[in-house]
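So you can see what is in the structure, the chains are spelled out below.
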Amino acid sequence: MNATDERIYCTYFDSGYLSRALTLFESLRMHGDDSKIIVLALDTQVQEYFDRNPQANIEVISISVLEVFEPRLPALKMSRSRMEYYFTCTPILIKYALEKTSSIQALSIYLDADLYFFANPDNVLADLTGADVGIIEHRYPAHRAEKLAKYGRFNVGWVGFRNTQEGRQVLDWYAEKTLDWCSDIPDSGRYADQGYLDWFPDFEKVHVLTDSGFNVAPWNTSRHTLTLDNSHVESDGSPLIFFHFHGVRKVGKRFTTSQLIYGSPLNKVLRKSIYQPYINRLDFFDHVVTDALGAESTIKKRGNGIIGLLSRVRKKVFDAITIATGNSIVPRDKKEVI
């Protein structure tokens, strides 16, 4: 796979994650990646924002468009939670994006909205030579692997499929599986849209991307040695290409991280060279989105009733601990959009 081959990105988010997505998009463009991005808007505020602020090579579609593309989706709304329904949409959205490509070498890549690229995304594609599907392991550290195994060997934050018979075979299988079952509760190796990735290596031309600079995240930073080389971050000696900022939350004027949850508190490199640059840009786009949408741009609560209430209480307690232990970031240096 040549890094110059056609690619198309896709992602989905609601207005609460809009600022994260804008931060992600900026990081792609900063590194020269002007590829098309298809956004599945999970609420009307996202659609409204892009209607008012259109961006080159970004196409925004509504859930209704995806439901026309896959007519079996609407019937699942009553039996699945909001998040489970969104997870069901992941491979459907990737298929929709793949239909927009024209070359057999083209690649449809799903990105979680809370990723951020520190180097050229071509570095990831260059590692796909000869493969039609790319997936990335969680790379859990040994002391956490057993506890976190229920969430799958692979992370769904970056997954790519080429427009070939082999690539579409895996993608079609993936879509059928999520349509059949997509619970947010781990069960027998399955977990939402993510657990199914564990079966991908059973297919031909599926490549596990092993570069330690790909998808570095709170759950695996304790496994890697992060260093600085001429102001550029390296992970085990490889350039950091993209980081997965899972669990970042805004609490007052601070942003808490989820590093402590995974037993990997912020160190100097994580704080100053990874989180601080990201939080600076995220805070900027938080203000952009708030100015555009007002109070409507808040993260939607996950979970209902007593379970949802207990979850939010736990988060508040952990936020307090995170701040007290120095695992939060104060944004600095607000600049204009690059």
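Our structure is the block above this text.
A brief look at the structure comes next. Keep in mind the model is a prediction, meaning the values are calculated, not measured.

### Structural notes on the nonpolar core
The nonpolar side chains of soluble globular proteins are, as a tendency, buried together. Core analysis: the biggest nonpolar cluster contains 43 residues, and Leu40, Leu66, Phe161 and Phe200 have the highest contact counts within it. Counting residues per element, the ones that place at least two in this core are strand 1 (7-13), strand 2 (36-41), helix 3 (63-69), helix 4 (82-98), strand 6 (133-137), strand 7 (154-162), helix 7 (165-180) and strand 8 (206-209). No other element matches helix 4, which puts 11 residues into this core. Excluding residues that lie within four positions of it along the chain, Phe200 makes contacts with Val133, Ile135, Val159, Phe161, Val170, Trp173, Tyr174 and Val206.

### Thoughts on the sheet that holds strand 2
What the 7 strands build is an open sheet, ordered 3-2-1-4-7-6-8; its pairing is mixed. Looking along the sheet, the strands with just one partner apiece sit at the ends: strand 3 (58-62) and strand 8. Between one strand axis and the next, the sheet turns by 20° as a mean value, whatever way the strands run. When strand 1 meets strand 2, the two strands line up parallel, connected through 6 bridges. Within strand 2, the residue paired with Phe13 across the bridge is Ala41. Along the sheet, helix 1 (residues 18-30) makes contact with strand 1, strand 2, strand 3 and strand 4 (107-111), crossing strand 1 at roughly 165°. Packing against the sheet, helix 4 makes contact with strand 1, strand 2, strand 3, strand 4 and strand 7, and its axis sits at approximately 155° to strand 1.

### Focus on the packing of aromatic side chains
Scanning the model with the defined rule gives 23 aromatic pairs in all. Here Phe161 and Phe200 contribute two aromatic rings whose centre-to-centre distance is 5.9 Å and whose plane-to-plane angle is 70°, an arrangement assigned as edge-to-face. Taken together, the positions of Phe161 in strand 7 and Phe200 in the loop between helix 7 and strand 8 put the pair 39 residues apart, joining distant regions of the chain. Here the two residues Phe161 and Phe200 agree in accessibility, since each one is buried. Taken together, a centroid distance of 5.5 Å and an interplanar angle of 70° make the contact between Phe243 and Tyr275 edge-to-face. Of this pair, Phe243 sits in strand 12 (residues 242-244) while Tyr275 is found in helix 8 (residues 268-293), placing the two residues 32 residues apart along the sequence. Considered together, Phe243 and Tyr275 belong to a single accessibility category, that of buried residues. Here Arg20 stacks its cationic end above the ring of Tyr17, 4.4 Å away from the centre of that ring. Between Arg190 and the ring centre of Trp181, over which it is positioned, the NZ or CZ distance is 4.0 Å.

### What to know about the sheet that holds strand 11 (residues 238-239)
Pairing within the open sheet is antiparallel, and its 3 strands lie in the order 9-10-11. Across the chains shown, the open sheet's two edge strands, defined by having one partner strand only, are strand 9 (226-229) and strand 11. Where strand 9 and strand 10 (residues 232-235) come together, 4 bridges link them in antiparallel fashion. Bridge pairing in strand 10 places Leu226 opposite Ser235. Across the sheet, helix 8 lies against strand 9 and strand 10, angled at about 55° from strand 9, the strand it touches most.

### Section: the packing of helix 1 against helix 8
Their axes nearest at 8 Å, the elements helix 1 and helix 8 cross at an angle of 125°. Relative to helix 8, helix 1 is oriented oblique. In the packing of helix 1 onto helix 8, the handedness of the crossing is right-handed. Note on element contacts: helix 8 touches helix 1 through Tyr278, Arg281, Leu282, Phe285, Asp286, Val289 and Leu293, opposite Leu18, Ser19, Arg20, Leu22, Thr23 and Glu26.

About the criteria used
Residues numbered from 1 in each chain as written. Predicted model: local features only at pLDDT ≥ 70, side-chain atom pairs only at ≥ 80, totals over all residues. Heavy atoms only, no water. Core = buried A, V, L, I, M, F, W, Y, C linked by side-chain atoms within 4.5 Å. Buried < 20%, exposed > 50% of the residue type's maximum accessible area, 1.4 Å probe, protein only. Helix = DSSP H or I, 4+ residues; strand = E, 2+ residues; numbered from the N terminus. Contact = heavy atoms within 4.5 Å. Pairing = 2+ DSSP bridges. Axes fitted to C-alpha atoms, helices over the stretch in contact; angles between N-to-C directions. Phe/Tyr/Trp six-rings, centres within 6.5 Å; stacked < 30°, edge-to-face > 60°. Lys NZ or Arg CZ within 6 Å of the ring centre and 35° of its normal. Parallel < 35°, antiparallel > 145°, perpendicular 65-115°, else oblique. Left-handed = near helix turned anticlockwise from the far one by under 90°.

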